[in-house]
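# Report on the structure
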Amino acid sequence: MKGGKIKGLVLNPKDNVGVALMDLESGTELDLKVTGQAVSVKLLDPITYQHKFSIVQIDSGSKIIKFGEVIGKATNDIKPGQHVHMHNMIGLRIGAARRKRS
Amino acid sequence: MEFLGYPRKDGLAGTRNYIGVISTVSCSSDPANWIAREIRDCVPFTHRVACGLVPSDEEMVCRTLINLGKNPNLAGVLVVSPDCADSDPSRIANGIAESGKPVDVCKIHQEGGAMTAVSKGVNIVRKMASDASRIKREPMPVSKLRHGVECGGSTPISGPVTNAAQGAALDFVIENGGSGGFSETPEVIGAEHVIAARAVNAKVKQKMLKVVQDYEQWLKGFGVDFFGANPDHQNIEDGLSSMEEKALGAIFKGGTKPLTEVVGYGEVPEGKGMFFVDTPGNDLKSLAGLAAAGCNIITYSTECAAPYGFPFVPVIKITARRDHFKKLPDILDYLVDIDRAITDIRRVGKELFKLMLEVASGRKTQSELIGYVYACDLWTLFPSTL
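Calculation notes
- Residues numbered from 1 in each chain as written.
- Chains lettered and ligands numbered in written order.
- Predicted model: local features only at pLDDT ≥ 70, side-chain atom pairs only at ≥ 80, totals over all residues.
- Helix = DSSP H or I, 4+ residues; strand = E, 2+ residues; numbered from the N terminus.
- Buried ≥ 20, exposed ≤ 12 C-beta atoms within 10 Å, placed from the backbone.
- Contact = placed C-beta atoms within 7 Å.
- Core = buried A, V, L, I, M, F, W, Y, C linked by C-beta atoms within 7 Å.
- Domains from an automatic or database assignment.
- Nonpolar A, V, L, I, M, F, W, Y, C, P; charged D, E, K, R; others polar.
- Axes fitted to C-alpha atoms, helices over the stretch in contact; angles between N-to-C directions.
- Parallel < 35°, antiparallel > 145°, perpendicular 65-115°, else oblique.
- Left-handed = near helix turned anticlockwise from the far one by under 90°.
- Pairing = 2+ DSSP bridges.

## Topic: the overall build of chain A
Across its full length, chain A holds zero helices and nine strands. Helices (α) and strands (β) of chain A occur, in sequence order from the N terminus, as β-β-β-β-β-β-β-β-β. Every one of the 102 residues in chain A was classed for burial, and the buried ones make up 36%. Long-range pairs, those at least 24 residues apart, make up 42% of the contacts in chain A between residues at least 6 apart in sequence.

The following block contains the structure:
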């Protein structure tokens, strides 16, 4: 068994993504507490344990914020509740670290 | 707050009381292993570094072996070497002897061959082990703990959960007057500004930024795309999308205290507080760097359940994966509950800190119990010229 009872988490009030703490189905409605403030999001994609989902609209080219820090930028427009990963974001520090398991 | 440790002549405290058999070069590994296996409480440190090193690498290997030998968990050391080796075994032995512990040298060719060298070596370490067995554990303040923090097999959860748990335990060590730190320079790339911002002064801040910059330049110098390999396949499958994201998770293990010192590979931080050791991300090379830095206890968060420990420093292995913890009882030592970590990381850190005090006082880790501790490696920046 992976994960605990808490479904998802936003690690820092500056973040525009949350983290799934268990496998979550598309359509799941999450009520997340971000430093006392409630943020609600309905998932548009299934989100695997530990993966990221957007909690706000993120336009293509905008920064992806996690831990209160920039972890990359959006390469597509991302709607609230969508999966955020290699298909729609890229790290800024080292050009193109993109590889898929062959 | 105290633990039961072994007093050393240089004022440090051992959490273990081993005799170390240190091989200076890859080709003396076999006799070093043969000597160590004959005597209980005797452990080998062998590695794969050969002769023909450029001078800067030779210097780095020498100082690393010296400071590994000086680690307070070793009560005595035998240095084993062939006569033809580049690194000077007498220099290494003399360096270790500054700590006041008994040190001897066994040169394979001078003893009339491997078997006579092993026979002589066994008798030397037998005598050392006999003397060391008279040293008793005594109450020691936490200020004599030096806590090394390691991670391997990062996932998006390891940052805020298991790395944060280690960081919180490190905070307790430091709050109680001890020292400790982390390493793995390439895994800081993308988050160095966050850790540098915690530096106690501009000099330390610049050094932190410089070791990361130098590492990046070193990798780029090979002319291949190393950065396409980080995050790796497993990291990506687990949900890490960029180097920055991985690095920001990795630095959770450094806790929340100010960064007091940045030291090179094989060097020993002088003071108290939280330090950084410049090492590669390879865990065996990084563990050797932490042990050379004087760490007498190590915690290691590993979501891939890395199986090894270290020959003479206890390594407490931590996971947030309940399935691994149940399935791999002889590999993992401590399970971090995700919900508890998220709601109260200080409480989890304190629990881990208490386990560290028990282990520092003699409770054995899983890797020590099964002896899964002998794979070792050292860092060199350049290939051998031979």
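## Points about the nonpolar core
All names here are of chain B. Ranked by internal contacts, the top residues of the largest apolar core, which has 138 residues, are V125 and A165. Tallying contributions element by element places helix α5 (residues 158-175) first for this core, with nine residues. The residues that make up this core include at least three from each of domain 1 (18-132) and domain 2 (142-370). Residues within four places of V125 in sequence aside, it is in contact with I19, V21, I35, I39, C42 and L78.

## A short note on the interface of chain A and chain B
In this complex, chain A contributes 31 residues to the contact, which on the side of chain B involves 28 residues. Of all the secondary structure elements, the ones that give two or more residues to the side of chain A that touches chain B are β7 (69-74) and β9 (89-90) of chain A. With four residues, the single largest contributor to the side of chain A that touches chain B is β7(A). The residue makeup of the side of chain A that touches chain B, split by class, is 15 nonpolar, eight polar and eight charged.

## Overview of helix α10 (residues 283-292) of chain B
Residue and element names in this part refer to chain B. By the criterion of burial, α10 is predominantly enclosed, with nine of the ten residues buried. All of the buried residues in α10 are D283, K285, S286, L287, A288, G289, L290, A291 and A292. The first or second residue beyond α10 is G294, which carries a positive phi of 95°.

## Quick look at the domain arrangement of chain B
All names here are of chain B. In terms of domain boundaries, chain B breaks down into domain 1 (18-132) and domain 2 (142-370). Taking the mean C-alpha position of each, domain 1 and domain 2 sit 28 Å from one another. Every contact between the two is made by 14 residues of domain 1 and, on the other side, twelve residues of domain 2. Sorting the residues of the side of domain 1 that touches domain 2 by element identifies β3 (18-23), β4 (42-45) and α2 (55-70) as the ones contributing at least two each. Broken down by element, the side of domain 1 that touches domain 2 gets its largest block of residues, five residues, from α2. Residue composition of the side of domain 1 that touches domain 2, by class: eight nonpolar, five polar and one charged.

## Brief notes about the environment of N201(B)
Looking at the element boundaries, N201(B) is found in the loop between α6 (192-196) and α7 (202-220). Along the chain, N201(B) and P258(B) lie 57 residues apart, while their C-alpha atoms are 9.6 Å from each other.

## So, the packing of α2(B) against helix α3 (residues 89-97) of chain B
Residue and element names in this part refer to chain B. Packing of α2 against α3 leaves a shortest axis separation of 8 Å and a crossing angle of 40°. Accordingly, the angle class assigned to the pair α2 and α3 is oblique. In this structure, the crossing between α2 and α3 has a hand that is right-handed. Taking contact as the criterion, the partners of C62, L65, I66, G69 and K70 in α2 are, on α3, R91, I92, G95 and I96. When its residues are assigned to classes, the contact of α2 with α3 shows five nonpolar, two polar and two charged.

## Describing the sheet that holds strand β1 (residues 2-7) of chain B
Residue and element names in this part refer to chain B. Sheet architecture is open: three strands sit in the order β2-β1-β7, paired in antiparallel fashion. Either end of the sheet is taken by a strand with one partner, and the two such strands are β2 (13-14) and β7 (138-141). Across four bridges, the pairing between β1 and β7 is antiparallel. The partner of L4 across the bridge, within β7, is P139.

## Digging into unusual backbone geometry
Residue and element names in this part refer to chain A. Of note in the backbone geometry, Q50 takes a positive phi value of approximately 85° without being a glycine. Along the chain, Q50 falls in the loop between β4 (37-42) and β5 (52-54). Of note, F67 is a non-glycine position whose phi angle comes to about 60°, a positive value. Topologically, F67 is positioned in the loop between β6 (63-66) and β7.

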